[in-house]
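Structural characterization, general
For reference, the chains in residue letters:
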Amino acid sequence: MLTALEGTFGDRADAVGVAGRTCSYEELLGAARAVAAEVAGSPAVAVTATASLETVAAVVGGLLAGVPVVPLPPDAGPAEREHILRDSGAHEFTVDFTRRSDRSPAGPAPAPSDPALILYTSGTTGPPKGVVLTAAALAADLDALAGAWDWTAADTLVHGLPLFHVHGLVLGVLGALRTGSRLVHTGRPTPQTYAEAARGGGTLYFGVPTVWTRIARDPAAAAALTGARLLVSGSAPLPTPVSHDLERLTGHRPVERYGMTETLITVSGRAGTAPRPGTVGTPLPGIRTRIAAEPGSDIGELQLTGPTLFAGYLNNPDATAAAYTADGWFRTGDIAAIDPADGVHRIVGRASIDLIKSGGYRIGAGEIENALLDHPRVQEAAVVGVPDADLGQRIVAFVVAEGVTGEELTEFVATRLSVHKRPREVRFLDSLPRNAMGKPQKKLLLSPEAD
Ligand code: MCA
Ligand code: AMP
């Protein structure tokens, strides 16, 4: 699975760099084997996924041992951590990167169909669900992306994305270890750190739209990316003006690709073909897509099948079944259109108002509403994503509460859940608008009159 660690592409002292520390493949393999020896036989292992070589060694160690790895967001508050640990049954493990082992783990080599990662992701309601991803799905996706982006061992991959989601971990770490490209993880995804990595010889850059928006607003940093081979954007829609600004400043129009935790990346633009801003390209090899549209319309829910799909939600067969149509296609919940002329896909929006994308993070309104309702002063809460030039959407909470400030409620959510799930704004109402059935009318909250 991790071809680079098999010696295929040679080795160098700075093959893998994370937040300023580097190591060779040999050093990484030594640390990962020590992890594998310790965790072998466990049902699952949880790792606090800081941006560090330790996180990389833990994930590789789990893969070597055939033990699924559950990355924990480092800033997850107690409510979120406890849920993930309880639901996954994973034992927490701390890596000592200086401990090395030469020996491959005892026991049979893991099968491609074995679970490799369990990534927790938000639904519209309730706590996050564990998405089970097999080694085979990861390998299929990375090979398809390597083909689409001409991604090889000659590349130096640069990004600074979190190591507990598909984008930063699967594409950004496992992708480098499969293609043999040198990895420069910048610690944080800022315009300055990307520009610095560019001066160090980066060729391939990953970012969520917020990262690209910030780079486009920093012409000096953007200019440093002129020598790049390929800029790739994903996890949320890239605003068309940002794409044009980047082209003007760097000479490169970012390639967009579309995916989900449950499906991995399924649709992408291709290196060597001019990307059309506002579109996400065509399906990767092996992926089939269709639009479930009403008669007379050409937009509707995007549904797909293929070898990169997840093995189900952990402990949640009902949710897994509900994610598929009767004829076995995965329901993405995204509304899309496919250009009949060239098959290029355009993501129009999400079917549910209750799934928010902020800074590329997927956030369920229900989880935040429940956290707010746990505050003794909050009687009612409704959370929505409001358009935001920097974050794509920003989380706004409408609450009915007395004797508490907006700052206190923001802090309450930030400490119980992850910091990025905190409302950026809290608005107080006398009551929530509700329909005859008593259900909050969130669309009314989004209308300008609600301001
Ligand atoms: C602010 N901070 C707080 C609080 N307010 N801390 C505690 N309590 C508070 N109330 C601190 C934070 O801890 C942090 O501190 C700092 O403020 C900035 O936090 P924040 O404002 O949340 O970050 P940001 O600067 O707005 O982040 C923008 C970002 C980030 C860097 C673009 O959103 C990001 O990394 N997004 C990537 C998401 C991603 O990878 N998604 C992929 C999933 P300090 O500075 O000390 O840390 S999608 C996926 O995987 C699929 C398959 C796909 O298609 O890719
Ligand atoms: P996550 O599971 O966190 O990866 O979130 C998946 C969701 O991110 C998808 O269902 C889409 O709504 C959104 N998404 C990912 N990539 C793109 C993209 N290139 N354009 C628009 N939306 C995207």
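Everything that follows concerns the structure shown earlier in this document.
Here's what I pulled together on the structure shown here.

Here is what the cut-offs are and how they apply
Residues numbered from 1 in each chain as written. Chains lettered and ligands numbered in written order. Predicted model: local features only at pLDDT ≥ 70, side-chain atom pairs only at ≥ 80, totals over all residues. Heavy atoms only, no water. Helix = DSSP H or I, 4+ residues; strand = E, 2+ residues; numbered from the N terminus. Rg over C-alpha atoms; globule rule 2.2 N^0.38 Å. Contact = heavy atoms within 4.5 Å. Areas by Shrake-Rupley, 256 points an atom, 1.4 Å probe, with all protein chains shown as cover. Phe/Tyr/Trp six-rings, centres within 6.5 Å; stacked < 30°, edge-to-face > 60°. Buried < 20%, exposed > 50% of the residue type's maximum accessible area, 1.4 Å probe, protein only. Lys NZ or Arg CZ within 6 Å of the ring centre and 35° of its normal. Salt bridge = Lys/Arg side-chain N within 4 Å of Asp/Glu carboxyl O. Polar contact = N/O pair within 3.5 Å; in protein donor to acceptor, adjacent residues only side chain to side chain. Core = buried A, V, L, I, M, F, W, Y, C linked by side-chain atoms within 4.5 Å. Near = heavy atom within 4 Å. Nonpolar A, V, L, I, M, F, W, Y, C, P; charged D, E, K, R; others polar. Pairing = 2+ DSSP bridges. Axes fitted to C-alpha atoms, helices over the stretch in contact; angles between N-to-C directions.

**Some words on the overall build of the protein chain**
- Scanning the protein chain from terminus to terminus reveals 13 helices and 23 strands.
- Taken against the 2.2 N^0.38 rule, which gives 22 Å for 451 residues, the C-alpha radius of gyration of the protein chain at 22 Å falls within 12% of a compact globule.
- Counting only C-alpha atoms, the protein chain reaches 65 × 50 × 50 Å along its principal axes.
- Taking as baseline every contact in the protein chain between residues at least 6 positions apart, the subset at least 24 positions apart corresponds to 65%.
- A total of about 18400 Å² of accessible surface is found on the protein chain, and carbon and sulfur atoms cover 53% of it.

**Some words on the packing of aromatic side chains**
- Counted by the stated rule, this structure contains 10 aromatic pairs.
- Between Trp149 and Phe206 the ring centres are 5.5 Å apart and the planes differ by 65°, which places this aromatic pair in the edge-to-face class. On the criterion of sequence distance, the pair formed by Trp149 in helix 4 (residues 135-149) and Phe206 in strand 10 (residues 204-207) is long-range, its members being 57 residues apart.
- Under the relative-accessibility criterion, Trp149 is labelled buried at 0%.
- Each member of the aromatic cluster is reached from another via a ring pair, and the members are Phe310, Tyr313, Tyr324 and Phe330.
- For the cation-ring pair, Arg21 lies above Phe97, with the distance from its terminal atom to the ring centre recorded as 5.9 Å.
- Residue placement shows Lys129 over the ring face of Tyr313; its charged tip is 4.8 Å from the ring centre.

**Here's the deal with the pattern of salt bridges**
- One pass over the full model with this rule turns up 25 salt bridges.
- Between Lys421 and Glu80 there is a salt bridge, and its shortest N-O distance comes to 3.1 Å. On the criterion of sequence distance, the pair formed by Lys421 in the loop between helix 12 (406-416) and strand 23 (425-428) and Glu80 in helix 3 (residues 78-88) is long-range, its members being 341 residues apart. Judged on exposure class, the residue Lys421 and its partner Glu80 are both buried.
- The salt bridge partner of Arg178 is Asp143, with a shortest N-O separation of 2.7 Å. Placement of Arg178 in helix 5 (residues 166-179) and of Asp143 in helix 4 is noted, with a sequence separation of 35 residues between them.
- In the salt-bridge network here, residues are joined through shared partners; they are Asp388, Arg394, Glu425 and Arg427.

**Section: the environment of Thr279**
- Inspection of the secondary structure assignment puts Thr279 in the loop between strand 13 (264-268) and strand 14 (282-283).
- The exposure class assigned to Thr279 is buried, which follows from its relative accessible area of 11%.
- With 39 residues separating them along the chain, Thr279 and Thr240 place their C-alpha atoms 9.4 Å apart.
- Look past the residues within four positions of Thr279 in its chain and what remains in contact with it is Glu256, Val344 and His345.
- From its side chain, Thr279 meets the backbone oxygen of Arg276 in a polar contact 2.6 Å long.

**Structural notes on the nonpolar core**
- With 119 residues, the main nonpolar core has Val16, Leu28, Leu117, Trp149 and Leu177 as its most contacted residues.
- Looking at this core, the element that brings in the most residues is helix 4, giving 9 residues.
- Leaving out residues up to four positions away in the same chain, Val16 has contacts with Arg21, Thr22, Cys23, Tyr25, Leu28, Leu53, Leu177 and Leu183.
- Counting residues in hydrophobic clusters, the runner-up holds 9 residues, among them Ala46, Val70, Leu72 and Ala90.

**Here's the deal with the site of ligand 1**
- Around ligand 1, 25 residues are found, and the nearest of them are His167, Arg188, Ser235, Arg257 and Gly359.
- Arg214 has a polar side-chain atom sitting 3.1 Å from an oxygen atom of ligand 1.
- Between a nitrogen atom of ligand 1 and a side-chain N or O atom of Glu411, the distance comes to 3.0 Å.
- Alone, ligand 1 offers 1100 Å² of accessible surface; in the complex the protein occludes 71% of this.
- Elements that contribute at least two residues to the shell around ligand 1 include exactly helix 5, helix 7 (209-216), strand 12 (255-260) and helix 12.
- Counting residues per element, the shell around ligand 1 draws most heavily on strand 12, at 3 residues.
- Taken together, the residues that form the shell around ligand 1 break down as 10 nonpolar, 8 polar and 7 charged.

**What about unusual backbone geometry?**
- At Asp150, a position not held by glycine, the phi torsion is positive, near 50°.
- By the element assignment, Asp150 lies in the loop between helix 4 and strand 8 (156-159).
- In this structure, Asn315 takes a positive phi of about 55° despite not being glycine.
- You can see Asn315 is positioned in the loop between strand 16 (299-305) and helix 10 (317-322).
- Residue classification places Asn315 among the exposed positions, given a relative accessible area of 54%.

**Some remarks on the sheet that holds strand 15 (residues 288-293)**
- Taken together, 4 strands build an open sheet; the order of strands is 15-16-17-18 and the sheet is antiparallel. In this open sheet, the two edge strands, each paired with only one partner strand, are strand 15 and strand 18 (345-350). Taken over all neighbouring pairs, the strand axes of this sheet differ in orientation by 50° on average, direction set aside.
- In this structure, strand 16 lies alongside strand 17 (residues 330-338), joined through 5 bridges in antiparallel fashion. Bridging from a neighbouring strand, Ile299 pairs with Ala337 of strand 17.

**A few points about the site of ligand 2**
- Residues in close proximity to ligand 2 total 15 residues, the closest being Arg257, Thr261, Asp334, Arg350 and Arg362.
- Note that an oxygen atom of ligand 2 is positioned 2.6 Å from one of the side-chain N or O atoms of Thr261.
- The separation between an oxygen atom of ligand 2 and a polar side-chain atom of Arg362 is 2.6 Å.
- When ligand 2 sits alone it has 500 Å² of accessible area, and the protein chains cover 93% of it.
- Looking at which element gives the most residues to the shell around ligand 2, the answer is strand 12, with 4 residues.
- Its residues assigned to classes, the shell around ligand 2 comprises 6 nonpolar, 4 polar and 5 charged.

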